[in-house]
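Below, each chain spelled out in residue letters.
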Amino acid sequence: MPVRLALAALLALSPAAGAFGAATTSEYLADMDANGDGKVSLGEYQDYLLAGFRAMDRNRNDILDLDEFPEGTVGPNTAPVTLKSRLRNLKAAFGRQDRNRDGVLDAKELGEPPG
Ligand SMILES: [Ca+2]
Ligand SMILES: [Ca+2]
């Protein structure tokens with residue numbers, strides 16, 4: 001099976017991956033909001049956005065090695081991505097999106113792109 005098809009199949013199997021097609025911010029929030037309290041905590045945010053990483057990390061070593069990247073996305077400067085660096089980046093993005101700094105994202109904050 002070509003790599004791209006295999007990846008698409010993996011993403012389709014991942015429950016959260018389909019959520020990227022969520023039509024509205026409130027659907028997006030509901031998909032991320034694992035405990036249903038109407039807000040998205042850092043843990044929920046990271047879990048949701050790591051679904052793609054986990055689907056791509058075929059050998060489950062918490063590193064996306066270059067041979068695990070989708071075909072055609074690896075350039076001369078592409079470096080492997082570690083789970084640790086991905087978590088750090090997501091934490092930084094979460095912090096930028098949490099405009100009122102209360103430690104959670106509400107629907108309004110989710111609807112605004114991180115600035
Ligand atoms: Ca790996
Ligand atoms: Ca907030």
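The protein chain is annotated in an unreviewed UniProt entry as EF-hand domain-containing protein of Tahibacter soli.

Time to look at the confidence of the model for the protein chain. Taken as a whole, the protein chain shows an average pLDDT of 84; of its residues, 77% reach a score of 70 or greater. Put simply, helix H1 (residues 3-13) is where the protein chain has its lowest mean pLDDT, 46, and strand E1 (residues 40-41) is where it has its highest, 97.

With that settled, consider the coordination of the calcium ion (ligand 1). Protein-derived coordination of the calcium ion (ligand 1) comes from Asp57 (OD), Asn59 (OD1), Asn61 (OD1), Ile63 (O), Glu68 (OE) and Glu68 (OE), at a distance range of 2.1 to 2.8 Å. Coordination at the calcium ion (ligand 1) is irregular: its six donor atoms span angles of 49 to 161 degrees at the metal. If you list the donors of the calcium ion (ligand 1) from N- to C-terminus, the spacing comes out as D-x1-N-x1-N-x1-I-x4-E. The partly exposed category is assigned to Asn61, whose relative accessible area is 33%. Owing to a relative accessible area of 28%, Ile63 belongs among the partly exposed residues under this scheme.

Parameters and conventions
Residues numbered from 1 in each chain as written. Chains lettered and ligands numbered in written order. Predicted model: local features only at pLDDT ≥ 70, side-chain atom pairs only at ≥ 80, totals over all residues. Heavy atoms only, no water. pLDDT = per-residue confidence, 0-100. Helix = DSSP H or I, 4+ residues; strand = E, 2+ residues; numbered from the N terminus. Donors = N, O, S within 2.8 Å, 3.2 Å for Na, K, Ca; no water. Tetrahedral: all angles 85-135°; square planar, octahedral: opposite > 155°, others 65-115°. Buried < 20%, exposed > 50% of the residue type's maximum accessible area, 1.4 Å probe, protein only.

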